[in-house]
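What follows is the residue order along each chain.
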Amino acid sequence: MNSRTLLFFLLVISTWLGSCAAEKDYLVTIRTKFGDMKVVLYDATPLHKENFIKLAQSGAYDSTTFHRVIKDFMVQGGDVNAKEEANPINYTIPAEFNDTLIHEKGVLSAARMPDQVNPEKESSGSQFYIVHGRTFTEEEINAMVYNQKLSVMQSLFMRLLEKPEYSGLRQEMIELQRSGNYAQMQEKIMNSEELIEKEFGNIPDLEFNEQQIKAYSTKGGAPHLDRGYTVFGRVVEGLPVIDSIANVVTGAGDRPEQDVYMTMEVEEVKKKELSKKYGLYYPETEK
């Protein structure tokens, strides 16, 4: 075989191998004393997907625990740094927000440090949580939208009052506070939207779309986390395991009184098989 023929053969093999790899995806099994959860990860969050798979394949998650459990909210685990003799993970992952990936029950999201020390909302290098959540009425969802908008506007309004040109407005708010007229203070903040946007730009749209309202009113979840934490996967089998973990007895710091350990197994499965079994959608397989 001459060099040209050999090169062509290698190119064909390389293309074939790449094609085979593209036809598969990862299926992660999280094993606990309550049973197994099978998890798929989203291509829309490639940095988080790659990092999670790397840690799971290396065994880094084995013998870690679900160390923070809050029923009707979430179960958090994967603190690799808490393991004895573990290689410390001291990096973060840039946020990968996607409005179609919401905090409905069963999704995996990345834990992170709070906004005060992490304004870019970067994710922990290893810790994640699985949403337990609860169902919400449409009225509760609408109230949540209002409260989220109020929170954003309050923060911007306080920055507004720091500007010298708004000293008069600041004095008005001080007088209202002294008189205990908090309802009027709140009304003044909400009526200052035009002024706030003039100084700081448009306030982000905080409305929940039809997908969110349907998911949170039927399946349940934690809607207040949307746009704040990166969702990067979901449990496709074993949802009752989340219920079992969420119902354990907890103590200080929401830590289970009896440790809930995990191990992970990663396998590559044909996309067609995953799609058939779990209803997943892979656009490239439809071509």
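Data block above holds the structure.
Novice: Would you mind going over the overall build of the chain with me for this structure?
Specialist: Scanning the chain from terminus to terminus reveals nine helices and 10 strands. In terms of overall size, the chain is more extended than a compact globule, its C-alpha atoms giving a radius of gyration of 24 Å where 287 residues would be expected to give roughly 19 Å. Burial status across the chain gives 40% buried among its 287 residues. Total accessible area on the chain is roughly 16,600 Å²; 50% of this is exposed by carbon and sulfur atoms. If the 32 positive side-chain charges of the chain are averaged to one point and the 43 negative ones to another, these points end up 4 Å apart.

Novice: I keep staring at empty space enclosed by the protein and nothing clicks. Help me out?
Specialist: Enumeration according to the criterion identifies one cavity of 30 Å³ or more in this entry. There is about 70 Å³ of room inside the largest cavity. Every residue along the wall of the largest cavity is listed here: His48, Asn51, Phe52, Tyr61, Ile93, Ala110, Ser124, Gly125, Ser126, Gln127, Phe128 and Phe232. For the lining of the largest cavity, the residue count by class is six nonpolar, six polar and no charged.

Novice: So what exactly am I meant to see when it comes to the layout of surface pockets here?
Specialist: Empty pockets left among the atoms are what a rolling probe the size of a water molecule brings to light. A volume near 350 Å³ is recorded for the largest pocket. Contributing to the lining of the largest pocket are Gln148, Ser151, Val152, Ser155, Leu156, Arg159, Asn202, Pro204, Leu206, Asp226 and Arg227. Of the residues assigned to the lining of the largest pocket, the class counts are four nonpolar, four polar and three charged.

Novice: Quick question: what am I supposed to make of the packing of helix H3 (residues 138-161) against helix H6 (residues 193-200) here?
Specialist: Angle between the axes and distance between the axes are the two parameters that describe a pair of packed helices. It is at 10 Å that the axes of H3 and H6 come closest, and there the two elements cross at 65°. The two elements H3 and H6 meet at a crossing, and its hand is left-handed. Contacts from Lys149, Met153, Leu156, Phe157, Arg159 and Leu160 of H3 reach H6 at Glu193, Leu195, Ile196, Glu199 and Phe200. Each residue belonging to the contact of H3 with H6 can be placed in one class, and the counts come to seven nonpolar, no polar and four charged.

Novice: How should the pattern of salt bridges be read in this particular structure?
Specialist: Side-chain pairing between opposite charges can occur once the charged atoms of the two side chains come close. Using the criterion set out here, one finds 13 salt bridges in the structure. The salt bridge involving Asp25 is made with Lys49; its shortest N-O contact spans 2.9 Å. A residue pair is termed long-range when its members are at least 10 positions apart, and Asp25 in strand E1 (residues 24-32) and Lys49 in helix H2 (residues 46-58) qualify at 24 residues. We classify Lys49 as buried; its relative accessible area is 9%. The partner of Asp115 in a salt bridge is Lys121, and the shortest N-O contact between them spans 3.0 Å. What you see here is one network of salt bridges that share partners, running through Asp25, Asp43 and Lys49.

Novice: Hey, could you run me through helix H5 (residues 182-190) in this one?
Specialist: Those residues of H5 that sit buried are Met185, Ile189 and Met190. One side of H5 carries all its buried residues, which in axial view fall inside an arc of 135°. Those residues of H5 hidden inside the fold are in contact with H3, helix H4 (167-178) and H6.

Novice: Got a minute to help me understand the environment of Glu265 in this structure?
Specialist: Tracing the chain through its elements places Glu265 in strand E10 (residues 261-270). Of note is the side chain of Glu265, whose polar atom sits 2.8 Å from the side chain of Arg31.

Conventions and cut-offs
- Residues numbered from 1 in each chain as written.
- Predicted model: local features only at pLDDT ≥ 70, side-chain atom pairs only at ≥ 80, totals over all residues.
- Heavy atoms only, no water.
- Helix = DSSP H or I, 4+ residues; strand = E, 2+ residues; numbered from the N terminus.
- Rg over C-alpha atoms; globule rule 2.2 N^0.38 Å.
- Buried < 20%, exposed > 50% of the residue type's maximum accessible area, 1.4 Å probe, protein only.
- Areas by Shrake-Rupley, 256 points an atom, 1.4 Å probe, with all protein chains shown as cover.
- Lys, Arg positive; Asp, Glu negative; His and termini not counted.
- Charge placed at Lys NZ, Arg CZ, Asp CG, Glu CD.
- 1 Å grid on protein atoms, 1.4 Å probe; cavity = no way out; pocket = protein on both sides within 12 Å on 5 of 7 lines; lining within 4 Å.
- Points joined across faces, edges and corners; volume = space filled by probe spheres on them.
- Nonpolar A, V, L, I, M, F, W, Y, C, P; charged D, E, K, R; others polar.
- Axes fitted to C-alpha atoms, helices over the stretch in contact; angles between N-to-C directions.
- Left-handed = near helix turned anticlockwise from the far one by under 90°.
- Contact = heavy atoms within 4.5 Å.
- Salt bridge = Lys/Arg side-chain N within 4 Å of Asp/Glu carboxyl O.
- Arc of directions from axis to C-beta.
- Polar contact = N/O pair within 3.5 Å; in protein donor to acceptor, adjacent residues only side chain to side chain.

All quantities given are derived from atomic positions and should not be read as evidence of function.
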